[in-house]
Amino acid sequence: MSKVEEFEELRPLLFSIAYRILGSVGEAEDAVQETWLRYDASTTQPVSPKAFLSATVTRIAIDVLRSARVRREEYVGPWLPEPLLDDPYEDPARAAELADSVSMAALLLLERLSPLERSVFVLREVFAFGFDDIAAAVGRSEAACRQLLVRARRHMNEGRPRFEADRRERRELARRFFEALARGEVDGLRELLSADVQLVGDGGGKAPQLARAVAGAENVARLLAAVYPFMAQVDITFETREINGQPGALFRDRDGRVLHILVLDVLDGEIRTVRSVINPDKLGHLGPVADAWAVDREVRRARRQSR
């Protein structure tokens, strides 16, 4: 194969590695593009293009993550990963690991790790790379990489839920949730939420957002039921989609532009977290983005007129 053909065959894997390290679609795509530029400029042919390209994209992603972590510390409000509708990389033998590792909950757990721990964990636990390739990718010895993995596993296991829902249960809970949401039914929403449920919104200071996370089934149910029926009145529609491997929905304005997404974390038969991303900088890869401020004004006007 030519260099271009080799690279294109491996592009889905490279993007999936970079996205899990960075939590950003745009930054992952940039890392993959930089990987191609370095590969194209290389005058030697690696023995294993997969190992060479995976190591290159990992090193690039580590450098990007180190600078991104400073920006995230200054981020306005809660930071959530950029939503991913479709993971381009598929491996039937590791389908469970791939799906779990791309969820927003898992990506937020990965944020607790250092860039090196995060990269080692992703390469080993998600993509099953050998320690020799991992060591080459992160510039550490195999022994050091094993220690990094031990620490990463400990941090990840401390934050993981004890029980996980199967996919059918998640889909059914999501169906009932979005039906109740569309009707503005407080009771219907409340019965699906855990007692300590949290509603977390990411606007990044660039769109209307919650001042802080809303906690508790009663508070979350009442807030959602009070807002979404009025959004429908101003022609906001939604389509249920799997987002980051979890049940969710994509919301659009009357012109079909993307307004925001909602993603549900389901655990032990209940919805434990509702996450919303409305920051326009994180939605552009999904299509044209709506003016969230204008929509917010319309919704507020509709609520005042109903009183």
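As a reminder, the structure under discussion sits directly above these lines.
On a predicted model such as this, the values are computed, not experimentally measured, just so you know. (Residues numbered from 1 in each chain as written. Predicted model: local features only at pLDDT ≥ 70, side-chain atom pairs only at ≥ 80, totals over all residues. Heavy atoms only, no water.)

## Some remarks on the packing of aromatic side chains
Note the following rule: Pairing of aromatic rings covers Phe, Tyr and Trp, the last through its six-membered ring, and needs centres within 6.5 Å; plane angles under 30 degrees mean stacked, over 60 mean edge-to-face, and all others mean tilted. Strands are runs of DSSP state E lasting at least 2 residues, helices are runs of H or I lasting at least 4, and numbering of each runs from the N terminus. Three exposure classes are used, based on accessible area relative to the maximum for each residue type with a 1.4 Å probe and protein chains only: buried under 20%, partly exposed in between, and exposed over 50%.
Taken as a whole, this structure holds 9 aromatic pairs when the rule is applied. Aromatic side chains Phe-178 and Phe-238 sit 5.6 Å apart centroid to centroid with 40° between the ring planes, which places their arrangement in the tilted category. On the criterion of sequence distance, the pair formed by Phe-178 in helix 9 (residues 167-183) and Phe-238 in strand 3 (residues 237-243) is long-range, its members being 60 residues apart. Phe-178 gets classed as buried once you look at its relative accessible area, which sits at 3%. A relative accessible area of 30% places Phe-238 in the partly exposed class. With a centroid separation of 5.3 Å and an interplanar angle of 50°, the aromatic rings of Tyr-228 and Phe-251 are classed as tilted. Of this pair, Tyr-228 sits in helix 11 (residues 217-233) while Phe-251 sits in strand 4 (residues 246-252); the two residues are 23 residues apart in sequence, bridging distant segments of the chain. Assessed through its relative accessible area of 11%, Tyr-228 is described here as buried. Residue Phe-251 is classed as buried on the basis of its relative accessible area of 1%.

## What about helix 9?
For clarity, the threshold we go by: Here the expected length of a helix is defined as 1.5 Å per residue gap, with one fewer gap than residues. In this context, the arc is that of the directions from the helix axis out to the C-beta atoms.
The end-to-end C-alpha separation of helix 9 is 25 Å, in line with the 24 Å expected for 17 residues at 1.5 Å each. Buried residues of helix 9: Arg-170, Leu-173, Ala-174, Phe-177, Phe-178, Ala-180 and Leu-181, and no others. Buried residues of helix 9, seen end-on, are gathered within an arc of 160° and therefore sit on one face of the element. Opposite the packed face of helix 9, turned more than 90 degrees from it, sit the exposed residues Arg-168, Arg-171 and Arg-183. Phi for Gly-184, located one or two positions after helix 9, is positive at around 65°.

## Topic: helix 6 (residues 115-126)
Stated precisely, the cut-off is as follows: Should any heavy atoms of two residues lie within 4.5 Å, those residues are counted as being in contact.
Spanning 12 residues, helix 6 covers 16 Å between terminal C-alpha atoms, matching the ideal 16 Å at 1.5 Å per step. Most of helix 6 sits out of view: 10 of its 12 residues are buried. Looking at helix 6, one finds that the buried residues are Pro-115, Leu-116, Glu-117, Arg-118, Ser-119, Val-120, Phe-121, Val-122, Leu-123 and Val-126. In this structure, the buried residues of helix 6 make contact with helix 1 (3-22), helix 3 (49-73), helix 4 (95-101), helix 5 (104-110), helix 7 (131-138) and helix 8 (142-159). Backbone geometry just downstream of helix 6 places Ala-128 in the positive-phi region, at approximately 60°.

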